[in-house]
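In case you want the letters, here they are:
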2 protein chains.
Amino acid sequence: MFEGTDLEVRIDGLNSKVRDKATRRMNNLTKPKGSLGKLEDLAIKIAGIRGELDPTMEDRYSLVFAGDHGVAAEGVSAYPQEVTVQMLENFIHEGAAINVLGKNVGSRVRVIDVGVASEEVPRPVLERKISKGTKNFLRGPAMSREEALESIRVGYEVVEELVDSGLDLLGVGDMGIGNTTPSSAITAVMTGESPKSVTGRGTGIDEESLRKKVEVVEKGLDTNNPDPENPVEVLAKVGGYEIGAIAGAYLAGAANQVPVLVDGFITTAGALIAHGLEPGVVDYLIASHCSVEEGHGVALDKLGLEPLLDLNLRLGEGTGAALAMHLVEASTSILNGMYTFEEAGVSSGG
Amino acid sequence: MFEGTDLEVRIDGLNSKVRDKATRRMNNLTKPKGSLGKLEDLAIKIAGIRGELDPTMEDRYSLVFAGDHGVAAEGVSAYPQEVTVQMLENFIHEGAAINVLGKNVGSRVRVIDVGVASEEVPRPVLERKISKGTKNFLRGPAMSREEALESIRVGYEVVEELVDSGLDLLGVGDMGIGNTTPSSAITAVMTGESPKSVTGRGTGIDEESLRKKVEVVEKGLDTNNPDPENPVEVLAKVGGYEIGAIAGAYLAGAANQVPVLVDGFITTAGALIAHGLEPGVVDYLIASHCSVEEGHGVALDKLGLEPLLDLNLRLGEGTGAALAMHLVEASTSILNGMYTFEEAGVSSGG
């Protein structure tokens, strides 16, 4: 998969035996068949991923991969680039949304610098910096092919380390001022949709800035002409370090039978890269929510993922993924905590 | 409000001072304004209901009001009537979906018999039986006006008792074989929509049974001709005991500044009754989810409530309400746990 590197990724299919067992049990629980809707499918998927009917959900992590973007110089964001590193401080002091929402579901937050544009980042941010921000993709590739591969490897390795110490459920998030712009570029390439239809307001730019942002994406794609059949090339030419790391995190989750919650638009762009490399990865992904960001729905459709929540979120950081962890827990509790008709002595329907 | 009775209900408006304070804080937290979507509105609503920026959310209850329905004799459900009391056993032994989902969010489940068609119900179901099931509304009113008022009073009193011992957040649910049929009848009357457009498959009936169910609702309304301006009459003529009790529970929650989570179609029919009696009640209601049941969306629109979740649920019991408690908790944690831009030293957007 990663020509010229020693990175090996092997993703097996879900455990169909356990999945069938889960389906049978779900259909015999004391409720009308199918009446718990998406939670039923979710419980069955989790059982298939973990290869157990009643998997533990104890060790949960929310990873926030952070990077900066040369293209931010084009004024594509409502916030200045320095906010990326300021937000790392905020994560460390537990004042950001992901800290609060992670805590609510017992998910430990880990922040990884893969490409923040500053010399120093606050401890204990995990330091895996590949470069101090990508280059502006209006003037050439955002990064080299080697750097793109390295970003994937970093995300992969961070997750593998967690697997070694115990990992039952993973939420993946992003931080990086300007990163909806590369995400729109990736989404346009990987779905074949026009830049205009997959470019939105990000953190909240006005009409005029949005028009400019669409132009930036169009020009970036014209200049670099990335090949959708070559996801590493797409990532290198118009992507970001944190997006590559996110793709790597998914691959590692899938390779280790860990369910991974995709967050919003940026992390879904990462999923498009991972899916391009290894389509089987999506069996292990759960779409936590549908963002208001233009293009998120299109990207999820391309992946064949249906989102659980629709709360008009557009924050990132893994916040939607953290919120959806409660639904994952609820779904497995249903499968394992409820009685069957027989166990409860209730007449089943005609 | 309740002519000829001594039941007094007084509902104040939300605390606008606290709500404004909550709005200001929400807009200064370290995230793009509005980027947490519905959770931001929810947090502000909760603050306005409780009259506190950081209300405790410790004492949570899920109430399941149970009753039977004479109209079940018309074959409107996929399940036999005996399932109502069998499910009470299941609730007591903690094998039902509401037990599992309540436990997940720390909500204590209480089951109240207001009209189950059996001599005995298992302990510790709270015994507040008004009658052993309603009459078949095809042949006249389901209950008397006095019984309708009594059902509202029971729901009201059950909640007032909880308030006395401590109640921060309430989820309301239903159990009663056949109860989507009276709910469709109530929804048709209170929204002015046709029976056909607000009658669905309930626990899962086939096409032929659905056609029959629509006819039953149409005939019931023809026979009884309830006046939408008189919600107690609507409840008496085509309602159910548990639906009346649910309406009373909302009124008590609102009168005591307790946020109440509405569950699915049946509990929303109860909300239509409560809203007809006292429109101010909706300020205190939170729509937890949008059911697949035909007519639920119409009823929520009439109440001006936007649902939080959309998971294709159609179970009842208060399951959707329990699931949404996590979002309520998440929203208040955001408001009170996150740092403002100033507190965090992060540059705010332009």
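Residues numbered from 1 in each chain as written. Chains lettered and ligands numbered in written order. Predicted model: local features only at pLDDT ≥ 70, side-chain atom pairs only at ≥ 80, totals over all residues. Heavy atoms only, no water.

Participant: With reference to specific residues and values, describe the sheet that holds strand β6 (residues 285–287) of chain B.
Facilitator: Residues and elements named next belong to chain B. Here we have 6 strands laid out as an open sheet, ordered β3-β2-β1-β4-β5-β6, and parallel in their pairing. With partners counted over all chains shown, the strands left at the sheet margins are β3 (126–127) and β6, one partner each. By the bridge criterion, 2 bridges tie strand β2 (residues 107–115) to β3 in an arrangement that is parallel. Within the sheet, the bridge partner assigned to aspartate 113 lies in β3 and is glutamate 127. On top of the sheet, helix α9 (residues 241–255) reaches β1 (60–67), β2, β4 (169–175), β5 (260–262) and β6; it is set at about 175 degrees to β4, its chief contact. (Pairing = 2+ DSSP bridges. Helix = DSSP H or I, 4+ residues; strand = E, 2+ residues; numbered from the N terminus. Contact = heavy atoms within 4.5 Å. Axes fitted to C-alpha atoms, helices over the stretch in contact; angles between N-to-C directions.)

Participant: Could you give me a rundown of the sheet that holds strand β2 (residues 107–115) of chain A, with the residues and numbers involved?
Facilitator: All names here are of chain A. Read across the open sheet, the 6 strands follow the order β3-β2-β1-β4-β5-β6; overall the sheet is parallel. Each edge of the open sheet is held by one strand with a lone partner, namely β3 (126–127) and β6 (285–287). Across the face of the sheet, helix α10 (residues 265–277) comes into contact with β4 (169–175), β5 (260–262) and β6 while running at roughly 110 degrees to β4.

Participant: Describe the packing of helix α10 (residues 265–277) of chain B against helix α11 (residues 296–303) of chain B, listing the residues and the values that go with them.
Facilitator: Residue and element names in this part refer to chain B. Orientation of α10 relative to α11, taken along the N-to-C sense of each, is 30 degrees, at an axis distance of 10 Å. With respect to α11, the element α10 is oriented roughly parallel. Two packed elements cross with a definite hand, and for α10 against α11 that hand is left-handed. Along its contact with α10, which presents Phe265, Thr268, Ala271, Leu272 and His275, the element α11 presents His296, Ala299, Leu300, Lys302 and Leu303. Residue composition of the contact of α10 with α11, grouped by class: 6 nonpolar, 3 polar and 1 charged. (Parallel < 35°, antiparallel > 145°, perpendicular 65-115°, else oblique. Left-handed = near helix turned anticlockwise from the far one by under 90°. Nonpolar A, V, L, I, M, F, W, Y, C, P; charged D, E, K, R; others polar.)

Participant: Give a detailed account of the domain arrangement of chain A, specifying residues and quantitative values.
Facilitator: All names here are of chain A. The domain architecture assigned to chain A consists of domain 1 (16–54 + 335–344) and domain 2 (60–329). Inter-centroid distance (C-alpha atoms) of domain 1 to domain 2 is 32 Å. Approximately 940 Å² of surface area, both sides summed, lies buried where domain 1 meets domain 2, with 62% of it carried by carbon and sulfur atoms. The largest contributions to the domain 1 side of the interface with domain 2 come from Lys38, Ile49 and Arg50, which together make up 55% of the buried area. Ionic pairing is found between lysine 38 and glutamate 306, a salt bridge with its closest N-O pair at 3.5 Å. Our count for the contact surface shared by domain 1 and domain 2 stands at 4 residue pairs in polar contact (both at pLDDT 80 or more). For the side of domain 1 that touches domain 2, the class distribution of residues is 4 nonpolar, no polar and 3 charged. (Domains from an automatic or database assignment. Buried area = accessible area lost by both parts, 1.4 Å probe. Salt bridge = Lys/Arg side-chain N within 4 Å of Asp/Glu carboxyl O. Polar contact = N/O pair within 3.5 Å; in protein donor to acceptor, adjacent residues only side chain to side chain.)

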